[in-house]
Amino acid sequence: MSDTILSLTDIEAFYGDAQALHGVSLELAAGETLALIGSNGAGKTTLLKTICGLIERHIGAMLFDGANISGISPNKIPARGIALVPEGRRLFPSLSVEENLLLGGQVDRRGPWNLGAVYELFPVLRERQHQPSTSLSGGQQQMVAIGRALMANPKLLLLDELSLGLAPVIIKDIYALLPRIVAEGMSAILVEQDVTRALGFADRFICLQEGRVALEGEPKAFTREQISQAYFGT
Amino acid sequence: MNTSITRATPESRIMAIVSILLIALLAAAPWWGKTADLRLIGEFMIYLSLACLWNLLAGYAGLISVGQQAYVGFGGYMLFTCAIYLGISPLLAIPVAGVLGALISVPVALLVFRLRGAYFAIGTWVVAEVFRLGFAQISSLGGGSGTSLPIKVMKEMARSKWMREMMVFETALLLGVGTLLVTYLLLRSRIGLGLTAIRDSEVASVSLGVRIERIKLITYVAVAGITSMIGALIFITKLRITPDAAFSVNEWTAFVIFIVVIGGIGTIEGPILGTIIFFLLREYLSDLGSLYLMLLGGMAIIIMIVAPKGIWGYVRERFDLSLFPVGYRVKLDK
Amino acid sequence: MEWVNAIIQGILIGGLYALFAAGLSLIFGVMRLVNIAHGDFIVAAAYLAYVVVAATGLHPLVSLVIIVPLSAVAGYALQAGILNRTIGDDLLPPLLVTFGLSVILQNGMLELFTADSRKLDAGLLDIQNFNLLPGVNIGYMPLLMFVAAIIVIAGLQYIFYRTSLGRAFRAVSDDGEIAQIMGLDNRKIFAAAMALSFGVIAIAGVFLAVRANFDPFVGPSRLIFGFEAVIIGGLGNLWGTLVGGIILGVAQAIGAQIDPGWQLLAGHIAFLLVLAIKPRGLFPRIDG
């Protein structure tokens, strides 16, 4: 657990002239699950995007698995072992369920995840494998998005707003499967509006506020009031 | 320290004075210039206004048309129809052609506006082809081989050759300067604000309640009308019209696009600078023939890739110049 | 019978129009780019075939073995070297760059090959025909052209929907950002699409050269025919482009039958009618 897999130092990121991150640093150990919380516009999604190379204008050091990943092209990210489940799922509408999964597996990294394993995790997807991804329910689409990311056999899984727009019972099902997903030493960063659920699942948390780290540590070490204060900045 | 909001810049004030002096000097050209000078300035005015109009469409309204020759040719043919069959004097036929061009552009717009972006561009081209093939079918206007403006018509306009040249020249100057002024004032008006909003972000301007489709339609129709007037003027100077010359994509659209791209698309000053560069290049290089056209195309490509806002856009960014300001700027008063 | 003959010949010509359209439709589908120089590249391929046939003495159709790969490489280079720099949210740069290319190509071909019109001789294929109905003779060349169009479209359809390259085309077109973080290099995918489009351009160019006279300036009208076939058939539908090409060919044939001057006009009017009645084309793709 002590090997650092991801290390970010003083990350600043910009959209055009607007600065979204003001010097964020974090360390993630191999196998660790980190919850990233904060109100809207706090910079959570921006941080994930920066890690994936999708924000062109950023400064600060980013080390993943001992190698620099700052400034590398986003299409080189999955081969390094990072996979993203994007906010709003963003499946490819003109691809079938299976094609979406295969596209995630394009990088051909070795590991436990393949079509069979994803179908075993989400049996409903096997039944729907040839359907267009748009014909699925929201929860099933989220399963495809998770499966698609897993197909790359990442060492680090970035999960952005898993519960967005889903019914509570489906959110519960998906969270029930998360321990199976992040098993075998996979690290994860979980961005979530539903703070209670996120803190219940993660080993550690970071609370962002206006692009800065407001609070971090183990969920148990803080009271609800302390976290809520960091969250809202009151 | 106070702030005030202003449109004028020191350069723009100087520019306004220089412009007025220059226009006065040009207006007097028939009294100091030779026939060749008048022709050159007249042609300059024609390309200047075509460039301003295309810039308004593509640079502001996001309507990339490669079919503006439809209206140039249409205007030309309306001139001939008015002058030959309705006995309207050629100069009076110009506004008539403009009104008719604006009218016909409404149904055209209703069709081509169904196409988006790049397909809109080719759609406008198809319309221009339909116009060309259609006018080639009208035998009373000479069919495919075209027709000439009877000498009688020109004689009736004015008795002396100098007088005719002067009238045509002053009309060209009026249309050239007028187009520039109209685009300038339009961009400063409410419609202009809407257009600038569309240019900067179509999605954002929808959410701000800018009625994009309406503004685009108004712009398209206005541009079509003025382009038809220019078309009528062009064929007064040429005295002869054929479908191929009237609806030439190279003469009336390709050159114009190159002028705007090289000068600076989406700026007021760009088309002016582009027209000057175009005429300078033509003066020295047109002997090269097709190589000259390749050179123009190559220049446009390089500029589009290296400096998409053209030469003027580059200059403006480097030196923060604005000769004909349409935007507002915040001024700090100490 | 004259009318039946005209319509059947129109259908066969529709195959050629579908060939003009297929490459255009393909790259629009993948990267929302419309190549204004598409028709001029078809003419350039025709000249290339002319040069290759003159130098090697090969039959024009056999020369495809050389011309298709050469053209595909040129397409890849064009996309990777120039057009990729222009791709973005703004439609203007790619449109104007390809417009510039169109002018450069036309005048370059004029410099190299003069304005004289040329034609490629396909030997017996050009003249032989068979009798389908009384008064209706089908030439082997037009028939071959039509079959080639079907094969090309079936091939593109297969690549698009049954191969990993096609999967990548669709993914990049759907959501370029997410496609990238799945490991796809959008620029390479775009270049591959352009190479494929240029392969089809080469086939269209050779058939153009065999069927009729061509000169450096016939490109734009080939672009327009292809574009009309795409819009009539419905955006993003490859088989629709074949139907679009056929409708265009038949409309032109009927127009020509009424009056030779009406041939092109009738085609354009058919296009404008479809645009007025069904702006998304006759067979729009349902998804996306």
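The text that follows walks through the structure, step by step, so that each part is easy to find. (Residues numbered from 1 in each chain as written. Chains lettered and ligands numbered in written order. Predicted model: local features only at pLDDT ≥ 70, side-chain atom pairs only at ≥ 80, totals over all residues. Heavy atoms only, no water.)

### Notes on the overall build of chain A
A count of helices and strands for chain A gives nine helices and 10 strands. Taking 2.2 N^0.38 as the reference for a compact globule, 234 residues should give roughly 17 Å; the C-alpha atoms of chain A span a radius of gyration of 17 Å, in line with that estimate. Scored against the burial criterion, the 234 residues of chain A give a buried share of 53%. Put simply, 67% of the contacts in chain A that link residues at least 6 apart link residues at least 24 apart. By element, 50% of the accessible surface of chain A is carried by carbon and sulfur atoms, the whole surface being about 10000 Å². The positive charge centre, built from 20 side chains, and the negative charge centre, built from 25, are 4 Å apart in chain A. (Helix = DSSP H or I, 4+ residues; strand = E, 2+ residues; numbered from the N terminus. Rg over C-alpha atoms; globule rule 2.2 N^0.38 Å. Buried < 20%, exposed > 50% of the residue type's maximum accessible area, 1.4 Å probe, protein only. Contact = heavy atoms within 4.5 Å. Areas by Shrake-Rupley, 256 points an atom, 1.4 Å probe, with all protein chains shown as cover. Lys, Arg positive; Asp, Glu negative; His and termini not counted. Charge placed at Lys NZ, Arg CZ, Asp CG, Glu CD.)

### Here's the deal with the interface of chain C and chain B
One frequently used descriptor of interface size is the decrease in accessible area upon assembly of the parts. Listed per partner, the contact involves 42 residues of chain C and 35 residues of chain B. It is L96, F99 and F227 of chain C in chain C that bury the most area against chain B; as a group they hold 16% of the surface buried on that side. One can count zero salt bridges joining chain C with chain B. Where chain C touches chain B, the interface holds five residue pairs in polar contact (both at pLDDT 80 or more). Elements supplying a minimum of two residues to the side of chain C that touches chain B: α1 (2–31), α4 (92–113), α10 (219–233) and α12 (263–277) of chain C. Class assignment of the residues belonging to the side of chain C that touches chain B gives a composition of 32 nonpolar, six polar and four charged. (Buried area = accessible area lost by both parts, 1.4 Å probe. Salt bridge = Lys/Arg side-chain N within 4 Å of Asp/Glu carboxyl O. Polar contact = N/O pair within 3.5 Å; in protein donor to acceptor, adjacent residues only side chain to side chain. Nonpolar A, V, L, I, M, F, W, Y, C, P; charged D, E, K, R; others polar.)

### Regarding the arrangement of the chains
No other pair among the two pairs of chains in contact exceeds the contact count of chains B and C. A minimum C-alpha distance of 14 Å separates chain A and chain B, which share no contact.

### A few points about the sheet that holds strand β4 (residues 58–64) of chain A
All names here are of chain A. Spatial strand order, β2-β1-β4-β5: four strands in an open sheet with antiparallel pairing. The outermost strands of the open sheet, each flanked by one partner alone, are β2 (18–29) and β5 (67–68). Judged from the six bridges that link them, strand β1 (residues 4–15) and β4 form a sheet pairing that is antiparallel. The partner of T9 across the bridge, within β4, is A61. (Pairing = 2+ DSSP bridges.)

### Section: helix α13 (residues 249–263) of chain B
All names here are of chain B. In this model, α13 (15 residues) spans 20 Å end to end at C-alpha, consistent with the 21 Å of a helix rising 1.5 Å per residue. Within α13, 13 of the 15 residues are buried, which leaves the element mostly enclosed by the surrounding structure. Following α13 by one or two positions, G264 has its phi on the positive side, about 140°. (Expected span 1.5 Å × (residues − 1).)

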